[in-house]
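Breakdown of the fold
Residues per chain are reported as follows:
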Amino acid sequence: MNHVKLIEPSGLPRSSIDRVAHDLCAGGWPAESLWIANVLLDPDVIPIGVIQDEARELRDTWRTFCWSLTNAHKRLASSDGAILDLVILLARGGFQLCIGHEEYSRSYRLPEPCLGELIHRCSKRIDFAAAFPRACTASPEPQLVPGEAAKILWHFGALEPGMFIDRQKLRALAAESGWLPQRWYNLRAEQVVDPTTLEFWLVHCGPSVLSGLARDLANPDIAAVAALATGIGNVIHGTCSQGGLLHHEWYSEYPFGFQDAVVPLFEQLEQRRENANVDGLPPEFIEAWLRFAWMAYDQRSERLDENLRRQVVSTASSELGRMRPSFRAADLPQNEKPFEGSHHHFQCCVHITFDFGGLWAGMKPLILALRALSARAVGDDLRYWDDGIRENAPRPWNRIPMALTSMFHHYAGREEQRDPNLELLRSEFARFCLEGLKSRQGSKTESALSAGELVESHPTWRRCFIRAAEALCVNPGESKHKGHHILNWSRQNDPDPLVREAATIAYGKLRHQPRLPEGMSPRRAVITAFWWLRQAHLLALNPDMEICGPGAQRTLEMEVRRTAEKLDKQH
């Protein structure tokens, strides 16, 4: 007689929670993960558990959950990953809920408060940080799921981006040229799927993730800090500018919250700078410190502590001064490439001096740069831009007069709100020009002077300084130190007869306290002064060259047109 083995009945589930646990166990779930049954059928977490026909629809609801979880468990070989998979489906509205025995299903998206409660309860039992990368790589939709999962879990505080970002990758980016490598252009969100990169978190979660990297900048190795900060900035320019849709240096227009998120990074860099031997800081660190100051406070420098703001402006101005030796050697072809490589830093320093310091703080170092330049920066018509008709402006040095004029126009409106006629700026500019006429010893000796004894040694620059001061329509200084006194001394003592002649004419105009002609824009006076300085630049480099008169006049007219003023017939 055969011995037939009989199957004893197992305990039947008595409640909905028991049924969910029973089905999950049958699908291969380990016993320690069956707690999810209590979570799924808690109406405070999943409100679809309480619907009209509990006898039928509640049963089919938990069967749908079980089916989804069981398949995710098989695919991911992980209970934590399967729960994460379900959380993401519920968050993005991808969960297909079958109702009853009818041929009907609908997409269900969990309300945000319930989703937060679900993630909160699950966080007590599973490690989302460990489940997340496994779920990303195993997902059948890697172009979609990782980004959405990161955004959801970051939003509810279940993930910390800093746990995943590879710092070595960031430091490696510092070796790339400039702050915006070409590979960032046309960046699309679906291309960014690697959670070990900063760009992944910036694209999918937004700028707020940046503040979590501030503590990394406390590294005692200052060179490593500089490299990491540069790498972070490199990624920022590619992602927060939305793949090139925004100009990569218009930080005030970056996505909402960007600048506030960058402030902790700048503050950490500032703390490192303040506690370090300033003379021992590598140039890369200073460059990163200035760049992050610009990022954090672009167009809102008034929020910066006044002393620190002055320090930032002073450092940026010093950095431009540090470049002047290379400008003096600009006539050597081998010096063009280094300037191209430092162009982003040059731009950063220019913007900071204008934005944080004001018009004259920005203009002065650029005028000194133009004076030092030993290679042409403008064409023979004084043009520093390309017009597609005439010969292109000399590159790369045309960036100096271009920055001088464009930054003046960009920030003049802000200064005109406080000083409608830009009288203070014109006075400072005119004073600077006239200071070049003085003797280095400040003496009023009647003995013959040589050019080397004057502040400005080149006679063409002295002549054009006089014409620029005259164009500014202001007599700078106070009382007996007025500008026309310097002109009076110059017309009697300058060793060059053409300079003495120019000083004589200007003396007669400035001593009568000139003012802007009625209806004339103060910007026009400044632009005309710039025009004279560009003449000095060309003629000092090559006294034998002839400036194209009609072309130079056309250039001035085009520039003045930006002031929205009509040209006077006399000009």
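The sections below set out a description of the structure shown in this document. None of the values given here were measured: they were computed from a predicted structure.

Now for the pattern of salt bridges. Summed over all chains, the structure comprises 26 salt bridges. With a closest N to O distance of 2.4 Å, Arg309 and Glu306 form a salt bridge. Remark: Glu306 and Arg309 occur in helix H13 (residues 306–322); sequence separation between them is three residues, near one turn of the helix. Relative accessible area serves as the criterion here: at 15%, Arg309 is assigned to the buried category. With relative accessibility at 35%, the residue Glu306 sits in the partly exposed group. Residue Arg534 is joined to Glu559 by a salt bridge in which the shortest nitrogen-to-oxygen separation is 2.5 Å. Placement of the pair is Arg534 in helix H23 (residues 522–541) and Glu559 in helix H24 (residues 549–561), with a sequence separation of 25 residues. Linked by salt bridges that have partners in common, Asp381, Arg383, Asp387, Arg390 and Arg554 make up one network.

Within this structure, the stated rule accounts for 24 aromatic pairs. An angle of 75 degrees between the planes, with centres 5.4 Å apart, marks the rings of Phe132 and Phe164 as edge-to-face. With Phe132 in helix H6 (residues 128–138) and Phe164 in the loop between helix H7 (145–155) and helix H8 (167–173), the pair connects residues that are 32 residues apart, well separated along the chain. Each member of the pair, Phe132 as well as Phe164, is classed as buried. For the ring pair Phe339 and Trp397, a centre distance of 4.8 Å and an interplane angle of 20 degrees mean the geometry is stacked. Here the residue Phe339 occupies a position in helix H15 (residues 336–341), and Trp397 occupies one in the loop between helix H17 (359–372) and helix H18 (399–418), the gap between them amounting to 58 residues. Its relative accessible area of 3% is what places Phe339 among the buried residues. Among the residues examined, Trp397 registers a relative accessible area of 2% and is labelled buried. By the ring-pair criterion, three or more aromatic residues cluster together here, those being Trp360, Phe408, Phe429, Phe432, Trp461, Phe465 and Phe530.

Scoring rules and cut-offs
- Residues numbered from 1 in each chain as written.
- Predicted model: local features only at pLDDT ≥ 70, side-chain atom pairs only at ≥ 80, totals over all residues.
- Heavy atoms only, no water.
- Salt bridge = Lys/Arg side-chain N within 4 Å of Asp/Glu carboxyl O.
- Helix = DSSP H or I, 4+ residues; strand = E, 2+ residues; numbered from the N terminus.
- Buried < 20%, exposed > 50% of the residue type's maximum accessible area, 1.4 Å probe, protein only.
- Phe/Tyr/Trp six-rings, centres within 6.5 Å; stacked < 30°, edge-to-face > 60°.

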